[in-house]
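# Understanding the architecture of this molecule
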There are 2 protein chains.
Amino acid sequence: MSFDYINALLKKPVSRTPVWVMRQAGRYLPEYRATRKKAGDFLSLCKSPDLACEVTMQPIDRFDLDAAILFSDILTIPDAMDLGLYFTEGEGPKFSKPITRLADIESLSRPDVGSKLAYVTDAVSVIKKSLNGRVPLIGFTGSPWTLSTYMVEGGSSKSFSKVKGLMYENPKHMHQLLDKLADTIIDYLNGQIAAGADSVMVFDTWGGLLSKKSYEEFSLRYMTKIVNGIKRKHEGKIIPVTLFTKGGGMWLEQIAASGCDGIGLDWTVELGDAQSRVGEKVALQGNLDPCVLYATDEKIREEVKALLAQFNGDTGHIFNLGHGISPDVNPERMKTLVDSVHEFSTNK
Amino acid sequence: MSFDYINALLKKPVSRTPVWVMRQAGRYLPEYRATRKKAGDFLSLCKSPDLACEVTMQPIDRFDLDAAILFSDILTIPDAMDLGLYFTEGEGPKFSKPITRLADIESLSRPDVGSKLAYVTDAVSVIKKSLNGRVPLIGFTGSPWTLSTYMVEGGSSKSFSKVKGLMYENPKHMHQLLDKLADTIIDYLNGQIAAGADSVMVFDTWGGLLSKKSYEEFSLRYMTKIVNGIKRKHEGKIIPVTLFTKGGGMWLEQIAASGCDGIGLDWTVELGDAQSRVGEKVALQGNLDPCVLYATDEKIREEVKALLAQFNGDTGHIFNLGHGISPDVNPERMKTLVDSVHEFSTNK
């Protein structure tokens, strides 16, 4: 197994800068689209451990990646809380029973991960077997704040008026909701770790829409609870945890203080700046603008080289995009990205 | 005339912290919805100086605001460049002739502001007469980068893949487009100043989606050109200029170096932090989370008080939201906001 990904997170020596890409198992790959067609719809794909394994492996078979990431969705938890998750083509996720009253929060159950989310931990086991030690497997979750936005808005949102209204008007109930989510997420990640996940990541997609004060109180506080609540060691190995808040570039110091091992950076942050701010404390993952993949191979190589050059030192950087790869990217450009990271970092 | 708004931007003494609100003339007001109905559609409303004046005055008549802002749209310039702007209900702006080929950029004409955009400068004149010195009038424009995103994407976008593809692939053409836009904007703002605008503001709605390097090269560079290119004095008065990059909180030092008088802040930045970073150089406008207006009057007052307390000193702060007011806000909450800013800042 290539340990570069885990070693970079733990700041141990690496042979070269490891690279993986958010949404590397996704729509830009024709083989993914074929599997999804076979599954029928997106949720069925997530809920079939074998098909989830199939798509998880596709980018690993095609590119020289240093980590695999469990194929799943961040909304599995609210789904297990019986909010009635469904997807409509081109419109994103929706809930048939969103949280509309304060009483909904009080009556919300903490789902039993071992039964209601067994399809996720089963997928982890199947993928681990299929990977057979080739590269480490990353498990993941949405952050409590991010999950709560979908649960209260009833799906995606532009203004986040409902969830922020709740936050400003009834902070006590908001905390109750977030705390229930954090507890469930701890069970969920521990389940993934027990099933074989070598590392876990928390995606805080919407934390960047908060003020600093609200971010600390309603998002980071619960991610910190998760960092402290999950098993950071399993079968003698350290399980590193990475926090990624999109739009959180101003709050890296606060995120680093959570006790996480790595911070995911979006592309608006300068990697070199981020390193001088928090590089002593944590590893950094990121952070090429995903739109660079619309450029020529030559330009991609140039941008990869420039980004690698921003990072000082031999370990502590995991190369990634600053956000998920877009569905309309040509897979050949992805290959150029992955190969050039290795080419330019081997003899760095 | 209350000069607090202008004086705060120029860091001269003020009687109390001035306040205005982005999109204060907008859909949350029933009288605005009535005028818009009368106009037929949004573009007709923008293009009628009398109706634009009517909606500009509505919030001034209703609330104790310290500035009026010209009612218009940021896309008037691409419209004047013959890209065929139209609006479809609930879908946002679109262009029937977006920029799809590099040749489109070369052939793009610099519109004559005095004729093609006369409806805007006429609106400024009509509004100035109607205001009759009650409060200053703010003129505005979209930033070159922000306008270019709509022009290349053909409307709103989520991924900005086309415009960023152009930027990474053909930076030379991208610069050509941005330079043409900056030149036109200089004419446009000078036209507004000549017609009576007391201050101007540049809205860089999408600059925050760039990396720092790209922001400096493709957005800030052209806003700086505008700051240096417009008439900063008119009829013996200084015309202050404010730059607002949504999501630009990490780059305040760079923005301040443009030579602008004020920086607009979104709500993700801490006002106190921003002041300690750039407060010596520029005035600061902002930056309450617009979603606070979904809370009770009591909570709004509390948040206003806390925000005012973050700012040290007696001048240099213009109170505002960190983004436009949402259409579903109750106008009574807006009144609470405006009144509490004055109440808590008078004897600060």
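The structure reproduced in this document is the subject of the present report. (Residues numbered from 1 in each chain as written. Chains lettered and ligands numbered in written order. Predicted model: local features only at pLDDT ≥ 70, side-chain atom pairs only at ≥ 80, totals over all residues.)

## A short note on the overall build of chain A
Secondary structure assignment for chain A yields 16 helices and eleven strands. Each principal axis of the C-alpha distribution contributes one length, and for chain A these read about 60 × 45 × 40 Å. Here chain A, with 348 residues, has 55% of them falling under the buried criterion. (Helix = DSSP H or I, 4+ residues; strand = E, 2+ residues; numbered from the N terminus. Buried ≥ 20, exposed ≤ 12 C-beta atoms within 10 Å, placed from the backbone.)

## Here's the deal with the interface of chain B and chain A
Between chain B and chain A, the residue contacts involve 26 residues of the former and 26 residues of the latter. Sorting elements by how many residues they give to the side of chain B that touches chain A places helix α10 (residues 161-169) of chain B first, with five residues. Taken together, the residues of the side of chain B that touches chain A break down into nine nonpolar, ten polar and seven charged. (Contact = placed C-beta atoms within 7 Å. Nonpolar A, V, L, I, M, F, W, Y, C, P; charged D, E, K, R; others polar.)

## A short note on the relation of the copies chain B and chain A
Turning chain B through 180 degrees and shifting it by 0.0 Å along the axis lays it on chain A, with an RMSD of 0.0 Å. In symmetry terms, the pair is related by a two-fold rotation axis. In terms of C-alpha distance to the rotation axis, chain B has M250(B) as its closest residue, with the C-alpha 3.1 Å off the axis. The residues that chain B uses at the interface reappear at the interface of chain A in 100% of cases, marking a shared surface. (Least-squares fit on C-alpha atoms with pLDDT ≥ 70 in both.)

## Examining the nonpolar core
Counting residues in each nonpolar core, the largest one holds 238 residues, and the members touching the most others are L70(A), I138(A), V200(A), L70(B), I138(B) and V200(B). The element best represented in this core is helix α11 (residues 171-195) of chain B, accounting for ten residues. If we skip the residues at most four places from it in the chain, V200(A) touches I138(A), G139(A), F140(A), L189(A), Q192(A), I193(A), I230(A), I239(A) and V241(A). (Core = buried A, V, L, I, M, F, W, Y, C linked by C-beta atoms within 7 Å.)

## Remarks on the sheet that holds strand β8 (residues 241-245) of chain B
Residue and element names in this part refer to chain B. Spatial ordering of the open sheet is given by β1-β4-β5-β8-β9-β10-β11, a layout of seven strands whose pairing is parallel. Of all strands in the sheet, those with a lone pairing partner are β1 (68-69) and β11 (317-321), marking the two edges. Where strand β4 (residues 137-142) meets strand β5 (residues 199-204), five bridges bridge the pair, whose relative direction is parallel. The residue bridging G139 from the neighbouring strand is V200, located in β5. Sitting on the sheet, α11 is in contact with β4 and β5, with an inclination near 170 degrees to β4. (Pairing = 2+ DSSP bridges. Axes fitted to C-alpha atoms, helices over the stretch in contact; angles between N-to-C directions.)

## Quick look at unusual backbone geometry
Negative phi characterises most residues that are not glycine, and trans characterises most peptide bonds. Of note, the bond from G286(A) into N287(A) is cis; its omega dihedral lies within 30 degrees of zero at -5 degrees. Within the fold, N287(A) resides in strand β10 (residues 283-288). If you check the backbone angles, F160(B) has positive phi at about 55 degrees while not being a glycine. Its place among the elements puts F160(B) in the loop between α9 (144-153) and α10.

## Overview of the environment of E89(B)
All names here are of chain B. Following the sequence through the fold, E89 ends up in the loop between β2 (85-88) and β3 (92-95). Residue class for E89 comes out exposed when judged on the 7 C-beta atoms lying within 10 Å of it. For the pair E89 and Q275, spaced 186 residues apart in sequence, the C-alpha separation works out to 40 Å.

## Examining helix α9 (residues 144-153) of chain A
Burial of α9(A) is extensive: ten of the ten residues sit out of reach of the surface. Residues of α9(A) that are buried: P144(A), W145(A), T146(A), L147(A), S148(A), T149(A), Y150(A), M151(A), V152(A) and E153(A).

## Description of the packing of helix α11 (residues 171-194) of chain A against helix α12 (residues 212-229) of chain A
Two quantities define a packed helix pair, namely the angle between the helix axes and the distance between the axes. Residues and elements named next belong to chain A. In contact at an axis separation of 9 Å, α11 and α12 are set at 30 degrees when each is read in the N-to-C sense. Our classification of the angle between α11 and α12 gives roughly parallel. Classified by chirality, the crossing of α12 by α11 is right-handed. The segment α11 lies against α12, with M174, L178, A182, I185, I186 and L189 engaging F218, Y222, K225, I226 and G229. Classifying every residue of the contact of α11 with α12 gives nine nonpolar, one polar and one charged. (Parallel < 35°, antiparallel > 145°, perpendicular 65-115°, else oblique. Left-handed = near helix turned anticlockwise from the far one by under 90°.)

## Structural notes on the environment of A309(A)
Residues and elements named next belong to chain A. Here A309 is to be found in helix α15 (residues 297-310). For A309, a count of 12 C-beta atoms within 10 Å corresponds to the exposed category. Note: C-alpha distance between A309 and G155 (154 residues apart in sequence) is 40 Å.

## Let's talk about helix α14 (residues 271-278) of chain A
Residue pairs three or four apart in sequence face the same way in an α-helix, which turns once every 3.6 residues. Residues and elements named next belong to chain A. When we look at burial in α14, the residues that qualify are L271, A274 and Q275. Angular distribution of buried residues about the axis of α14 spans 100 degrees; they occupy a single face of the element. On the buried face of α14, the contacting elements are α13 (252-256), β10 and α15. (Arc of directions from axis to C-beta.)

## Digging into the pairing of strand β2 (residues 85-88) of chain A
Residue and element names in this part refer to chain A. Here β2 pairs with strand β3 (residues 92-95) via four bridges, running antiparallel. Residue F87 lies in a different strand from β3, and its bridge partner there is P93. Connecting β2 to the next strand, β3, in antiparallel fashion are three residues, including G90 with a positive phi near 75 degrees.

## Some thoughts on the sheet that holds strand β4 (residues 137-142) of chain A
Residues and elements named next belong to chain A. Spatially, β1-β4-β5-β8-β9-β10-β11 is the arrangement adopted by the seven strands of the open sheet, whose pairing is parallel. Lying at the two open borders of the sheet, with one neighbouring strand each, are β1 (68-69) and β11 (317-321). Pairing geometry for strand β5 (residues 199-204) and strand β8 (residues 241-245), over five bridges, is parallel. Looking at β8, one finds that V202 is bridged to L243.

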